[in-house]
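# Reading the structure
So you can see what is in the structure, the chains are spelled out below.
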Amino acid sequence: MKYAGIWQEMKFEDQHPRTIRFGDKSLSINRMGQNWQIGLGTSDPQEMDSLWSDSVNPENQEFDEYITEGKSSFRLKPSLPDKALVISPLRPFNILPGEKVTFFLTLPVWIGLSVNNKSQKEIQLKEFPVSDLSQTWFGDSLGGELCYGLQTELYSDWSPLYSVPWKAVCPLTISNKSPEILPLSRLCLRVVYLSLYATKRGYLWTNEVKVQFKGPDQVSQITFGQKAPDFEKGLSHIRSPRETPDKSIIKKSFGFFRGFSHY
Amino acid sequence: MNYFQDIISLSDLFEKIDVNILIRLCVYGVLSFVILKLFHLLIKKMIRSSVSLQTMMLIQKSFKYAWGIIFILIILREFQIDFTAILGAAGIVGVAFGVASRNSLGNLISGLFLIGEKPFEIGDVISIEDKKGVVHSIDTLSIKLRTFDNLYVRIPNEKIINTDVINITRFPIRRMDLDISVTYAEDLEKVMSVLKDITLQNRFCLNEPEALILLKGFYASSIDVLLGVWFEKSNFIQLKNSLVLDVKKRFDAEGIEFAFPHVSVYTGTHTAPFPLTLEKELKN
């Protein structure tokens, strides 16, 4: 239960600064009177033995100050990246015609810090990516899209993916409905249409994504689940998608997905 | 001259002006102003998301000029000025005006071509001869650029039609080329591998399309390498600065030597070192 309660509202004791470490990023929080001091810096992941620390290292932090008369509590809110992810499996593989495979992969999240203002409205003060992802281009130079690149392992079982709460487990089902072998080396995953769900222990899940490949010259159907995935029980919804998928956006996604196998 | 005397004489005009006409003109003026403002607001609200800034500006200007003409006609009617006589005079004035404004007409027609061809839009960064800047407006006679050192540059449309125009920001991604010269002693495979690694580590370089690393050839003092990295068009300055810094740091760390122009002087027919003889020992 190391990370239980990480996404819930937390009380803050005045003038007792705290640092939260997310991999090699650290977020420092302090409250002095009406001022919130929020610092973002780096930390050595090797030295990370606990998520929380009661000290603040001012040398590698950049502090921003916010003033509010709201109550002394804050909430950490995870979200998925603001652009699509181009997934490159560490071990590219092929899916035979007629096959349907379900994989699990972990997606890096962004962390937002919210506090309540005087009228108890939740205001997000800061949002930062836990992992600095490289940028990449998906599609042709005219109609393509700027994405983040992510090299990752695709797993057939999700249980080994519970390591840290700032990576979300994403179930991905690919059906090869074409008469050809599908070489899976790059896949554009539109994470802006995915919600986040948390387990009681603080680990994150996204909706299920289903892709039907109908051939390199055919549009491929991508559907995003609208509810929590069935693989884990007791998931609670904690973040809505950045963009709501509708018919037109799904249509647009087909176009992007169309050329992924021969890009 | 008789034409103008027929059309209007100042004494007639003053006789026709009374308080009622003045009030009506004021009301028309205020109404025109309000209608123009309302129209601009409506355009902004209703079609801003569906049309480009340039089209919006074109619609607004067309409406403004059309409304101006209507307003002038209303004034003429209020003063009971003979409109057919004005049209007659307009023929003569038009010829004179046309002769006097040949260049302007050329610019006007070029402007229409530019609007139809759309080589650039408002907000694009373009380069014309030695001028480079953001397109501020595209008007009937000229385009206006805002240069990066914040100068306002007017370029006649006719000149743009007859000159090479480079639209720098037309496509969402661009390639930045960096020429790097290394000495002949360097291991070129290692140089290429280090450059590849630099592009993968730099967060402003796109992973795809892949960076171009090209050994350009043997030059007088160096072997030149072209490093072409793709980037999102808004990251030009960040990429340029970070890439040069990264290359310098990594080459220093890896012991790769940058080449610079130099001349080696040899004696004799072979490339033996230049013979130097120490004739006198220097004392401290």
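Throughout this document, residue positions are counted from 1 along each chain, in the order its sequence is written. Written order decides the labels, with chains lettered from A and ligands numbered from 1. Note on the predicted model: pLDDT of at least 70 is required for a residue's local features to be given, and 80 or more for side-chain atom pairs to be given and counted; whole-chain, interface and lining totals, by contrast, use all residues. To obtain the side-chain values, all non-hydrogen atoms of the structure were used and water was disregarded.

Our focus in this paragraph is the confidence of the model for chain A. Residue and element names in this part refer to chain A. The quantity known as pLDDT measures the predictor's confidence residue by residue, on a range of 0 to 100. Across chain A, the average pLDDT comes to 82, with 86% of residues at or above 70. Helix and strand definitions follow DSSP, with helices as H or I runs of at least four residues and strands as E runs of at least two, each counted in order from the N terminus. Mean pLDDT values for the elements of chain A range from 40 in helix α1 (residues 247-258) up to 95 in strand β19 (residues 204-206). In what follows, residue pairs with any heavy atoms lying within 4.5 Å of each other are defined as contacts. In the predicted structure, residues 247-263 sits below a pLDDT of 50 and forms 40 contacts with residues beyond four places in sequence or in another chain.

The next subject is the layout of surface pockets. Empty space left among the atoms is revealed by rolling a probe the size of a water molecule over them. Computed from the structure, the largest pocket encloses a volume of approximately 630 Å³. In this analysis, the protein atoms alone were mapped onto a 1 Å grid. Cavities are point sets where a 1.4 Å probe fits without being able to get out; pockets are open sets with protein on both sides within 12 Å along at least five of seven lines; lining residues have an atom within 4 Å of a point. For the largest pocket, the lining is made up of 23 residues, of which Ser134(A), Gly149(A), Leu150(A), Gln151(A) and Asn207(B) are closest to its centre. Of all the elements in the fold, those that place two or more residues in the lining of the largest pocket are β8 (85-89), β10 (100-108), β13 (134-138) and β14 (145-152) of chain A together with α8 (188-201) of chain B. Per-element accounting of the lining of the largest pocket gives the leading share, four residues, to β14(A). For the lining of the largest pocket, a count of residues per class yields six nonpolar, eleven polar and six charged. Taken as a whole, the second largest pocket holds about 260 Å³ of empty space. Grid points are joined across faces, edges and corners, and a volume is the space filled by probe spheres set on the points. Lys, Arg, Asp and Glu make up the charged group, whereas Ala, Val, Leu, Ile, Met, Phe, Trp, Tyr, Cys and Pro make up the nonpolar group; the residues left over, Gly among them, are polar.

This part is about the sheet that holds strand β11 (residues 110-116) of chain A. Strand pairing within a sheet occurs via backbone hydrogen bonds; the two strands may be parallel or antiparallel. All names here are of chain A. Note on pairing: two strands pair once DSSP finds at least 2 bridges between them. Ordered by their spatial adjacency, four strands build an open sheet running β1-β7-β11-β12, and the pairing between neighbours is antiparallel. Unpaired on one side and paired on the other, β1 (10-11) and β12 (122-129) mark the two borders of the sheet. Across two bridges, β1 lies against strand β7 (residues 73-79) in antiparallel orientation. The residue bridging Met10 from the neighbouring strand is Phe74, located in β7.

All names here are of chain A. Read from one edge to the other, the open sheet built from four strands follows the order β13-β14-β8-β17, with strand pairing classed as mixed. Edge positions in the open sheet fall to β13 and β17 (187-189), since each of these has one partner strand only. Mean inter-strand twist for the sheet, computed between neighbouring axes without regard to direction, equals 45°. Simply put, an axis is a line fit to the C-alpha atoms, just over the touching stretch for a helix, and the angle between two N-to-C directions goes from 0 to 180 degrees.

This next bit is on the nonpolar core. Counting residues in each nonpolar core, the largest one holds 64 residues, and the members touching the most others are Phe22(A), Phe74(A), Leu76(A) and Leu107(A). In terms of residue count, the dominant contributor to this core is strand β15 (residues 167-176) of chain A (five residues). Judged by nonpolar contacts, the second largest core, of 22 residues, contains Met176(B), Val182(B), Leu195(B) and Phe204(B). Nonpolar core, defined: a set of buried Ala, Val, Leu, Ile, Met, Phe, Trp, Tyr and Cys residues in which side-chain atoms within 4.5 Å join the residues together. Residue exposure (1.4 Å probe, protein chains only): buried if accessible area is under 20% of the type maximum, exposed if over 50%, otherwise partly exposed.

For a helix, the expected span equals 1.5 Å multiplied by the residue count minus one. For helix α9 (residues 236-254) of chain B, built from 19 residues, the straight-helix expectation of 27 Å at 1.5 Å per residue is met to within 8% by its first-to-last C-alpha distance of 26 Å. In the stretch just after α9(B), Gly255(B) is the one whose phi turns positive, near 75°.

We now examine the packing of aromatic side chains. Residues and elements named next belong to chain A. Two rings belonging to Phe, Tyr or Trp (six-membered ring only in the last case) form a pair when the distance between their centres is within 6.5 Å. Interplanar angles under 30 degrees mark stacking, angles over 60 mark edge-to-face geometry, and anything in between is tilted. Applying the stated criterion across every chain, the model contains 17 aromatic pairs over all chains. Arranged with centres 4.9 Å apart and planes meeting at 85°, the rings of Phe104 and Phe231 form a pair that is edge-to-face. Of this pair, Phe104 sits in strand β10 while Phe231 is found in the loop between β21 (221-224) and β22 (236-239), placing the two residues 127 residues apart along the sequence. Phe231 sits in the partly exposed class, given a relative accessible area of 30%. A network of ring pairs unites the aromatic residues Phe104, Trp158, Tyr162, Tyr203, Trp205 and Phe231 as a single cluster. When the ring centre of Trp110 is taken as origin, the NZ or CZ atom of Arg242, which lies over that ring, is 5.1 Å away. Consider the ring centre and the ring normal. A charge sits over the ring if Lys NZ or Arg CZ is within 6 Å of that centre and within 35 degrees of that normal.

Moving on to the pattern of salt bridges. Definition used for salt bridges: Asp or Glu carboxyl oxygen within 4 Å of a side-chain nitrogen of Lys or Arg. Per the counting criterion, the structure on display carries 21 salt bridges over all chains. In this structure, the salt-bridge partner of Glu122(A) is Arg75(A), at a minimum N-O distance of 3.2 Å. With Glu122(A) in strand β12 and Arg75(A) in strand β7, this residue pair connects regions lying 47 residues apart in the sequence. With a shortest N-O distance of 3.3 Å, Glu122(A) and Lys77(A) are connected by a salt bridge. Within this pair, whereas Glu122(A) is found in strand β12, its partner Lys77(A) is found in strand β7, the two being separated by 45 residues in sequence. Connected through shared salt-bridge partners, Lys190(B), Asp197(B), Arg250(B) and Glu254(B) make up one network.

A word on the pairing of strand β8 (residues 223-232) of chain B. All names here are of chain B. The buried fraction of β8 is high, at nine of ten residues. As defined by bridge partners, strand β7 (residues 212-218) adjoins β8 across six bridges and the pair is classed as antiparallel. Looking across to β8, one finds that Leu215 is bridged to Val225. Counting the residues that bridge the hairpin from β7 to β8 gives four residues.

Across the contact, eleven residues belong to chain B and nine residues belong to chain A. Throughout, the accessible surface (probe 1.4 Å) given up by two parts as they are put together, summed over both, is called the buried area. Between chain B and chain A the total buried area reaches about 960 Å² when both faces are included, carbon and sulfur atoms providing 63% of it. Inspection of the region where chain B meets chain A yields zero salt bridges. Two N or O atoms count as a polar contact when they lie within 3.5 Å, although within protein this holds only if one can serve as hydrogen donor and the other as acceptor, and sequence-adjacent residues are included solely when both atoms are side-chain atoms. Linking chain B to chain A there are four residue pairs in polar contact (both at pLDDT 80 or more). Of the residues contributing to the side of chain B that touches chain A, the split by class is six nonpolar, two polar and three charged.

With that out of the way, let us pick up the environment of Val191(A). Residue and element names in this part refer to chain A. With respect to the helices, strands and loops of the structure, Val191 is situated in the loop between β17 and β18 (196-198). According to the relative accessible area criterion, Val191 is buried, its value standing at 1%. Each C-alpha atom, one on Val191 and one on Ser178, is 25 Å from the other, the two residues being 13 residues apart in sequence. Sequence-distant contacts of Val191, that is, excluding residues within four places in its chain, are made with Leu80, Pro81, Lys83, Ala84, Leu85 and Leu107.

What follows deals with a nonpolar patch on the surface. Residue and element names in this part refer to chain B. By definition, no residue in a patch forms a salt bridge, and every one has over 30% relative accessible area; like charges are joined within 9 Å, nonpolar side chains (Val, Leu, Ile, Met, Phe, Trp, Tyr) within 5 Å. Each accessible area is a Shrake-Rupley result for a 1.4 Å probe, and residues are judged covered by the shown protein chains and nothing else. On the surface, a nonpolar cluster with roughly 500 Å² of combined accessible area is contributed by Leu105, Leu108, Ile109, Phe113, Leu141 and Ile161. Sort the elements by how many residues they give to the nonpolar patch and helix α6 (residues 102-117) lands first, with four residues. Relative to the helices and strands, Phe113 is located in helix α6.

Bringing a positive patch on the surface into the picture now. Residues and elements named next belong to chain A. The positive count covers Lys and Arg only, the negative count covers Asp and Glu only, and His and the chain ends enter neither. Where a charge sits is defined by one atom per residue type, namely NZ (Lys), CZ (Arg), CG (Asp) or CD (Glu). Among the surface-exposed residues, Lys100, Lys177, Lys210 and Lys214 lie close enough to one another that they form a single positively charged patch. In this fold, Lys214 is placed in the loop between β20 (209-213) and β21. Judged by its relative accessible area of 36%, Lys214 is partly exposed.

As a further point, take the environment of Ser221(B). Residue and element names in this part refer to chain B. Mapping Ser221 onto the fold places it in the loop between β7 and β8. Ser221 gets classed as buried once you look at its relative accessible area, which sits at 12%. Sequence separation between Ser221 and Ile74 is 147 residues, and the spatial gap between their C-alpha atoms is 78 Å. Excluding residues that lie within four positions of it along the chain, Ser221 makes contacts with Tyr184, Ala259, Phe260, Pro261 and His262. One polar contact links the side chain of Ser221 to the main-chain amide nitrogen of His262, over a distance of 3.2 Å.

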